[in-house]
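Here's the letter readout for the chains.
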Amino acid sequence: MIYKYLLEIKYRIFFSFTTWCCVMINCYYFKETLVYIFMKFSLETNTNNLLYFLTTDVAEIFLAYIQLSYYTANQVTITYLYWQFFLFLSPGLYNFESAYLKTIITISILSRILCMFVLNSFIFPISWNFFSKFQEYLSFQNLTFYFEVKLSEYLIFYTTVYHLCNSIFQVGVLFFLFVDLFRTNLYLIKKLRKIFYFFFFILATFLSPPEVLYQLAISICLIISYELIVLYMIIKTELCNLR
C-alpha cells in the first residue's frame, strides 16, 4: 500500500519537473518578449521615454534571460504543485474536507494572481518611480551626480518586490483561515483586531516606498480586506444558524 503512494508521489514529482522544464524552455524561446514585458512594468503609461539599462558583463544579458525564465517557470510550477497536492490528498478526505481544501487552494491561487495584477499595475511602478527620482541628474554646488541602472539590479529589484508582495498576500490567506477557524468566537476576533491593525501597518511599511501616503493607502486596503473577510464569516455563520 505504501509502495503505491510512493509511486504516485514519484509520478507527480516527475510531471511537475516536466512542467517546469517545458515552461523554462518556452520562456527562454520567447526571451526577448519576456524581457520587454518585465521592463514595461517600470514605465509610466503617459510617457514615451526610451527605457535602457547598463550591462557591464559579457554574459549579463544571457544570465538575465536565464533568470527571467527560471523565475517564470518557478511561479507557474508552484501553482501547478498546488493542484497536484490537492489531487494527491483529495481521495483520502471526506467530501467536506476535500471541498474545504479546494477552497483554500483556490483562494491561495487567486491571491497569487491578484498579487501579480496589483504588483505590476500599482506597487512596482510606484516603487520604481519613487526610487528612479534618485537616478536623475542632480546638481549640488559644483558636483553633478548621474545614476544608471544595471539590468541585473533591475531584475533583482523586481523579484524582491514580488516575493515581498506575494508573502503579504499569502498572509491574507492565513488571516482567512484564522477567521474561519475562530468564526464562532467573535469576541476573540474583536480582541485581536488592534494587533492585526498594527501588523497591517508593519506590512505596509515593508511593502511600500518610504512615503506616508503610500503606507496609509496600503494599510487601509489591508484593513478593509480584513474587515470584509470578518463580515463574510459573520454572514456565513448567521446563515448556517438559520438553516
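Looking now at the overall build of the chain. Of the regular secondary structure elements, the chain holds eight helices and two strands. Counting helices and strands in the order they occur from the N terminus, the chain gives α-α-α-α-β-β-α-α-α-α. Expressed as a percentage of contacts within the chain between residues at least 6 apart in sequence, the contacts between residues at least 24 apart total 76%. For the chain, the accessible area works out to roughly 16400 Å², and carbon and sulfur atoms hold 71% of it.

On to the packing of aromatic side chains, then. The full count for this structure, using the stated rule, is 16 aromatic pairs. The interplanar angle of 35° and the centroid separation of 5.4 Å between the aromatic rings of W83 and F86 together place this pair among those described as tilted. Here W83 pairs with F86, and both are found in helix α3 (residues 60–89), just three residues apart, close to one helical turn. On the basis of relative accessibility, which here comes to 41%, the residue W83 falls in the partly exposed class. An angle of 10° between the planes, with centres 6.0 Å apart, marks the rings of Y94 and F96 as stacked. Taking relative accessible area as the criterion, F96 reaches 60% and is therefore assigned exposed. Taken together, the ring pairs in this structure connect F38, Y71, F124, Y154, F157, Y158 and Y162 into an aromatic cluster.

Right, let's talk about the nonpolar core for a bit. Formed by 27 residues in total, the largest nonpolar core has its most connected members in F53, L119, F124 and Y154. At the level of secondary structure, the elements contributing two or more residues to this core comprise α1 (2–29), α2 (31–40), α3, α4 (95–132) and α5 (151–181). In terms of residues, this core owes the most to one element, α5, which gives seven residues.

Let us look at α2. Think of an α-helix as 3.6 residues a turn; residues three or four steps apart then line up on the same face. Inspection of α2 places K31, L34, V35, F38 and M39 among the buried residues, and these make up the whole buried set. Along the long axis of α2, the arc covered by the buried residues comes to 130°, so they all point the same way. Its buried side turned inward, α2 meets α1, α3 and α5.

For the rest of this paragraph, the subject is the packing of α3 against α5. Their axes nearest at 9 Å, the elements α3 and α5 cross at an angle of 15°. For the element pair α3 / α5, the angle class is roughly parallel. α3 and α5 meet at a crossing whose hand is left-handed. Between α3 and α5, the contacting residues are E60, I61, A64, Q67, L68, Y71, Q75 and Y82 on the first element and L151, S152, L155, I156, Y158, T159, Y162, H163 and Q170 on the second.

Bringing the side chain of N120 into the picture now. Among the structural elements, N120 can be located in helix α4. You can call N120 buried: its relative accessible area is 16%. Engagement of the side chain of N120 in a polar contact is seen with the side chain of Y158, the distance being 2.7 Å.

This paragraph deals with the packing of α2 against α3. Here α2 crosses α3 at 80°, and the two axes come no closer than 10 Å. Comparing their axes, α3 and α2 come out roughly perpendicular. Taking contact as the criterion, the partners of K31, E32, L34, V35 and F38 in α2 are, on α3, Y65, L68, S69, Y71 and T72. The residue makeup of the contact of α2 with α3, split by class, is six nonpolar, two polar and two charged.

A few words on the side chain of Q75. Looking at where Q75 falls in the secondary structure, it is placed in helix α3. Ignoring sequence-local partners within four residues, the contact set of Q75 consists of R112, Y162 and H163.

Here is what the cut-offs are and how they apply
- Residues numbered from 1 in each chain as written.
- Predicted model: local features only at pLDDT ≥ 70, side-chain atom pairs only at ≥ 80, totals over all residues.
- Heavy atoms only, no water.
- Helix = DSSP H or I, 4+ residues; strand = E, 2+ residues; numbered from the N terminus.
- Contact = heavy atoms within 4.5 Å.
- Areas by Shrake-Rupley, 256 points an atom, 1.4 Å probe, with all protein chains shown as cover.
- Phe/Tyr/Trp six-rings, centres within 6.5 Å; stacked < 30°, edge-to-face > 60°.
- Buried < 20%, exposed > 50% of the residue type's maximum accessible area, 1.4 Å probe, protein only.
- Core = buried A, V, L, I, M, F, W, Y, C linked by side-chain atoms within 4.5 Å.
- Arc of directions from axis to C-beta.
- Axes fitted to C-alpha atoms, helices over the stretch in contact; angles between N-to-C directions.
- Parallel < 35°, antiparallel > 145°, perpendicular 65-115°, else oblique.
- Left-handed = near helix turned anticlockwise from the far one by under 90°.
- Polar contact = N/O pair within 3.5 Å; in protein donor to acceptor, adjacent residues only side chain to side chain.
- Nonpolar A, V, L, I, M, F, W, Y, C, P; charged D, E, K, R; others polar.

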